[in-house]
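Take a look at the letters that make up each chain.
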Amino acid sequence: MKFAGINLADPKIMGVINVSPESFFKGSVKQKEEDLIETALKMVDEGASFIDIGAKSTAPYLETQISVEEETKRAVWALKALREHINVPISIDTTNAKVAEAAIKAGADIINDVTGFKGDPRMVEVAKEHGVPVILCAHRQVRDFTDPVHEVITALQESLQIAYENGIEKDKIAIDPAIGFLRPKWPPWYEWDSKIIANLNLLKIFGLPILIGISRKSFIGAITGRKDPMERLAGSLGATAIAVWNGANIIRTHDVKETLDAIKIAHFIKRFRE
Ligand SMILES: Nc1nc2c(c(=O)[nH]1)N=C(COP(=O)(O)OP(=O)(O)O)CN2
Ligand SMILES: Nc1ccc(C(=O)O)cc1
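Residues numbered from 1 in each chain as written. Chains lettered and ligands numbered in written order. Predicted model: local features only at pLDDT ≥ 70, side-chain atom pairs only at ≥ 80, totals over all residues. Heavy atoms only, no water.

Trainee: Would you mind going over the overall build of the chain with me for this structure?
Mentor: Along the chain, the regular secondary structure elements total nine helices and ten strands. Taken over the C-alpha trace, the chain has a radius of gyration of 17 Å; the compact-globule value for 274 residues is 19 Å, and the two agree within 12%. Across its three principal directions, the C-alpha atoms of the chain cover 45 × 40 × 35 Å. Going through the 274 residues of the chain one by one, you find that 55% of them count as buried. Taking the intrachain contacts of the chain between residues at least 6 apart in sequence as the baseline, contacts between residues at least 24 apart amount to 68%. (Helix = DSSP H or I, 4+ residues; strand = E, 2+ residues; numbered from the N terminus. Rg over C-alpha atoms; globule rule 2.2 N^0.38 Å. Buried < 20%, exposed > 50% of the residue type's maximum accessible area, 1.4 Å probe, protein only. Contact = heavy atoms within 4.5 Å.)

Trainee: What should I look at first to understand the site of ligand 2 in this one?
Mentor: The local shell around ligand 2 consists of F24, T58, A59, P60, Y61, G180, F181, R183, K217 and S218. Contact distances for ligand 2 include 2.6 Å between an oxygen atom and a side-chain N or O atom of S218. A total of 280 Å² of accessible area belongs to ligand 2 in isolation, and the protein chains cover 94% of it. (Near = heavy atom within 4 Å. Polar contact = N/O pair within 3.5 Å; in protein donor to acceptor, adjacent residues only side chain to side chain. Areas by Shrake-Rupley, 256 points an atom, 1.4 Å probe, with all protein chains shown as cover.)

Trainee: Whenever I open this one, the UniProt feature "domain: Pterin-binding" (unreviewed entry) in the chain confuses me. Can you help?
Mentor: Cross-referencing UniProt, the feature "domain: Pterin-binding" (unreviewed entry) maps to residues 11-264 in the present numbering. The distance separating the terminal C-alpha atoms of residues 11-264 is 8 Å; by composition the span is 41% helix and 14% strand. (UniProt positions renumbered as here; feature names shortened; annotations may be inferred.)

Trainee: Whenever I open this one, the site of ligand 1 confuses me. Can you help?
Mentor: Around ligand 1, the structure places 18 residues, and the nearest of them are S23, S57, D176, K217 and H254. Between ligand 1 and the protein, one listed contact pairs an oxygen atom with a backbone N or O atom of F24 at 3.0 Å. The side chain of R252 places a nitrogen or oxygen atom 2.9 Å from an oxygen atom of ligand 1. Relative to its unbound accessible area of 470 Å², ligand 1 is 98% covered by the protein chains. Where the shell around ligand 1 is concerned, the elements lending two or more residues are β7 (134-137) and β9 (211-213). Of the residues that constitute the shell around ligand 1, the class distribution is seven nonpolar, seven polar and four charged. (Nonpolar A, V, L, I, M, F, W, Y, C, P; charged D, E, K, R; others polar.)

Trainee: Please explain a negative patch on the surface as it appears in this structure.
Mentor: There is a patch of like negative charges on the surface, built from E33, E34, D35, E38 and E84. Relative to the assigned elements, E34 resides in helix α1 (residues 33-46). (Patch = residues over 30% accessible without salt bridge, like charges linked within 9 Å, V, L, I, M, F, W, Y side chains within 5 Å. Salt bridge = Lys/Arg side-chain N within 4 Å of Asp/Glu carboxyl O. Lys, Arg positive; Asp, Glu negative; His and termini not counted. Charge placed at Lys NZ, Arg CZ, Asp CG, Glu CD.)

Trainee: Would you mind showing me how to read helix α5 (residues 148-165) here?
Mentor: Think of an α-helix as turning once every 3.6 residues; residues three or four places apart then point the same way. The end-to-end C-alpha distance of α5, which contains 18 residues, comes to 26 Å, matching closely the 26 Å that a straight helix rising 1.5 Å per residue would cover. On its buried face, α5 is in contact with α4 (123-130), β7, β8 (173-176) and α6 (189-198). Phi for G167, located one or two positions after α5, is positive at around 80°. (Expected span 1.5 Å × (residues − 1).)

Trainee: Would you mind showing me how to read helix α3 (residues 97-105) here?
Mentor: Within α3, burial applies to A97, V99, A100, E101, A103 and I104. Where α3 is buried, its residues contact α2 (68-83), β5 (90-93), β6 (110-113) and α4. A side-chain oxygen of the first residue of α3 lies 2.8 Å from the backbone nitrogen of K98; this N-cap is N96. Count one or two residues on from α3 and you reach G107, which has phi positive near 125°.

Trainee: How should the packing of aromatic side chains be read in this particular structure?
Mentor: Pairs of aromatic rings are described using the distance from one ring centre to the other and the angle between the two planes. One pass over the full model with this rule turns up three aromatic pairs. Note on W189 and Y190: the rings are 5.2 Å apart at their centroids and 80° apart in plane angle, and the pair reads as edge-to-face. We classify W189 as partly exposed; its relative accessible area is 21%. (Phe/Tyr/Trp six-rings, centres within 6.5 Å; stacked < 30°, edge-to-face > 60°.)

Trainee: Please explain the packing of α1 against α2 as it appears in this structure.
Mentor: For any two helices packed against each other, one specifies the crossing angle of their axes together with the interaxial distance. Between α1 and α2, the least distance of the axes is 10 Å, while the angle of their chain directions is 60°. With respect to α2, the axis of α1 lies oblique. Crossing of α1 over α2 shows right-handed handedness. Two secondary-structure elements touch here, α1 through E33, L36, I37 and A40 and α2 through W77, A78, A81 and L82. Residues that form the contact of α1 with α2 fall into these classes: seven nonpolar, no polar and one charged. (Axes fitted to C-alpha atoms, helices over the stretch in contact; angles between N-to-C directions. Parallel < 35°, antiparallel > 145°, perpendicular 65-115°, else oblique. Left-handed = near helix turned anticlockwise from the far one by under 90°.)

Trainee: Where do I start with the environment of W192 in this structure?
Mentor: With respect to the secondary-structure elements, W192 resides in helix α6. On the basis of relative accessibility, which here comes to 1%, the residue W192 falls in the buried class. When the C-alpha positions of W192 and K26 are compared, they lie 25 Å apart, and in sequence the two are 166 residues distant. Setting aside residues up to four positions removed in sequence, W192 forms contacts with V142, D144, F145, P148, E151, L182 and P184.

Set out below in structure tokens:
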């Protein structure tokens, strides 16, 4: 299995850099060109197979609204700065089709849409027109609070229907259960997210690459009592190992070096499962 030309026989890393000062983990934010390039080069050197650029935070518990113009300006700036230095695929983390298109023109290779084509109706057209691979996250109004896996599968099925109806080919799609995004009032979201990670293998029914973003998220904070995202690396590595054990193909992370070791161990041990 491949995604954006990258072989997924072993699990791979997507390194995250945000050019949005509002992002929940301040350690991921780069606003100076030199810093941005140095961080991306270091991530690739440490083993990242993809780089993800976010120009607007989507943290559901933060005030993160900015204009489309501002998001476009940030995204284009980052892509232009990085493109000539980085030779791994770069994704643009956006829910807005205009931002996605501008970023692709500036050098982005992949669209990462946390609304799974359900936010901006033009997003699927931009993906089709430019022939770029897409990451589709589970996104919907939660109906059945008792069965997170079923909700995620239904949400992804809806996104895949939009993709296929618009001529997006299967080999251009990765799916993502959207850890931290779906927040029903009950059960608490950290149980919801845990249930998804514990049963991630069920998403294999789609026969598509599974990408997952766990890194330093609030559910790690809730379980460990670590309020500051800065303190959540060890917890994130624990959850990452379980996600890999359960079949994750791409791990989206702020911490490439440490995460690569964690996935190597989980993947190696998994080979000996009876
Ligand atoms: N496909 C995918 N994209 C994502 C995911 C994720 O789990 N999957 N998580 C995010 C949260 O991390 P980030 O550091 O970008 O936080 P921010 O939204 O505050 O910028 C943002 N984007
Ligand atoms: N965009 C997101 C950022 C952070 C979280 C989380 O901390 O759970 C979820 C989504």
